[in-house]
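In case you want the letters, here they are:
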Amino acid sequence: VELDNGRLFSAANWSQAGRAHDGIDLIYKNNKIEMELFTAFNQTAERIYETTFSPTTFTNYKLLNVHYLKAHLNENFTLTTINSADSYQSKTNTRTLYTRGTSGGRIEFEKDNLYLTFSGYYQYGQLQSGVDISAYYFQPEIQYKLKKWTARLGAEIMSGDNATQPSETSKSFVPLYGVAWKFMGNMDYFATFPSDVKNGGLINPYLFFYYDLNKKLTLRSDFHTFYLENKVLDKQKNVVDSYLGYENDLSLQYKYNGFTTVNFGFSYML
């Protein structure tokens, strides 16, 4: 399942194992609407009565339901919505499911050389551990093309927990089964949420530049700065600096033909 821009659902097929979902996918398409309804179900073994699926880690769901809709409203506007519910079996009671819901979408505007988009998602329900969750994600972006130049300016904002004010409800957004490097840098320094940011959330302002040297060669430079969205404590119980670092990804892309592309890249983080 690869949905929209891959932020919540991506195939991740560059890794050795990749990411896949075994289930039923109902798809409807016409000139203005694309729609998918996906459902998946897991259990430990073939069973005649009842079901059970409780792996040693919380990485695999027992039940997943997803509705995806992409509507071309007119020649300039496109609306995308994703509503997902993934359920996990309780470790102590096979009849109990903890379900995490994620709802939201993305609006896009495109006219001539200008492209604008804004996406937002709200996460609710319960985590795999049974803890309540109330978290959010926002991403505004503007893109402009000028002859051989293309510039993209935007930011990602993932909510996090305030370590100085403990709460029974988690505020840490989890980008489900989506790709990380495409949005947060090629070094994959922040890839597993919320553990990579100690439940503090993340703010990722970015600026991307593309320059077409010719029809086959493109030079690209991506700039990221990373900040904690909320407060995180160190081992001495002091609030850590919210500024986490700066990353620059440089790359040169060569399009040999319609199905072969060679990339050379260099990345660094400070």
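Use the structure listed above.
This one's a predicted model, so the numbers in the text were calculated from it and none came from an experiment.

Cut-off values and rules
- Residues numbered from 1 in each chain as written.
- Predicted model: local features only at pLDDT ≥ 70, side-chain atom pairs only at ≥ 80, totals over all residues.
- Heavy atoms only, no water.
- Helix = DSSP H or I, 4+ residues; strand = E, 2+ residues; numbered from the N terminus.
- Contact = heavy atoms within 4.5 Å.
- Salt bridge = Lys/Arg side-chain N within 4 Å of Asp/Glu carboxyl O.
- Buried < 20%, exposed > 50% of the residue type's maximum accessible area, 1.4 Å probe, protein only.
- Phe/Tyr/Trp six-rings, centres within 6.5 Å; stacked < 30°, edge-to-face > 60°.
- Lys NZ or Arg CZ within 6 Å of the ring centre and 35° of its normal.
- Patch = residues over 30% accessible without salt bridge, like charges linked within 9 Å, V, L, I, M, F, W, Y side chains within 5 Å.
- Areas by Shrake-Rupley, 256 points an atom, 1.4 Å probe, with all protein chains shown as cover.

**Student:** I'm lost on the side chain of S119 in this one. Help?
**Tutor:** Counting through the fold element by element, S119 comes out in strand β6 (residues 114-125). Setting aside residues no more than four positions away along its own chain, S119 makes contact with G105, R106, Y137, F138 and Q139.

**Student:** It is not clear to me how the pattern of salt bridges should be interpreted in this structure. Could you clarify?
**Tutor:** Side-chain pairs of opposite charge can arise whenever the charged atoms involved come near each other. Scanning the model with the defined rule gives 6 salt bridges in all. Of the charged contacts, one joins E156 and R7 as a salt bridge, the two residues approaching to 2.7 Å between their closest N and O atoms. On the criterion of sequence distance, the pair formed by E156 in strand β9 (residues 149-158) and R7 in the segment before β1 (23-29) is long-range, its members being 149 residues apart. Both residues of the pair, E156 and R7, count as buried. Measuring nitrogen to oxygen at the nearest pair gives 3.5 Å for the salt bridge that ties R106 to E108. One salt-bridge network, held together by shared partners, links D4, R106 and E108.

**Student:** What exactly am I supposed to notice about the packing of aromatic side chains here?
**Tutor:** Each aromatic ring pair is described using two quantities: the centre-to-centre distance and the angle formed by the ring planes. For the coordinates displayed, the defined rule picks out 18 aromatic pairs. Here F118 and F138 contribute two aromatic rings whose centre-to-centre distance is 6.0 Å and whose plane-to-plane angle is 25°, an arrangement assigned as stacked. Of this pair, F118 sits in strand β6 while F138 sits in strand β8 (residues 135-146), and the two are 20 residues apart along the sequence. Taking the centre distance of 5.2 Å and the plane angle of 75° together, the rings of Y189 and F190 count as edge-to-face. Residue class for Y189 comes out exposed when judged on its relative accessible area of 51%. The class for F190 is buried, based on a relative accessible area of 3%. A network of ring pairs unites the aromatic residues W149, F209, Y211 and F223 as a single cluster. Across the ring face of F208, the terminal group of R220 is positioned such that the distance to the ring centre comes to 5.1 Å.

**Student:** Mind showing me how you'd approach a nonpolar patch on the surface here?
**Tutor:** Together, L73, F77, L79, I107, F118, Y122, Y124, Y136 and F138 give the surface a local cluster of nonpolar side chains, amounting to about 750 Å² of exposed area. Only β4 (77-89), β6 and β8 provide two or more residues apiece to the nonpolar patch. When residues in the nonpolar patch are grouped by element, the largest group, 3 residues, is from β6. For F138, a relative accessible area of 33% gives the class partly exposed.

**Student:** Would you mind showing me how to read unusual backbone geometry here?
**Tutor:** In the segment running from F193 into P194, the intervening peptide bond is cis, with an omega of 5°. Along the chain, P194 turns up in the loop between α1 (181-184) and β11 (202-212). Within the chain, D188 stands out as a residue other than glycine whose phi angle is a positive 55°. Summarising the element assignment, D188 is placed in the loop between α1 and β11. D188 sits in the partly exposed class, given a relative accessible area of 36%. Look at K237: it is not a glycine, yet its phi comes out positive at around 65°. The exposure class of K237 is exposed, given its relative accessible area of 63%.

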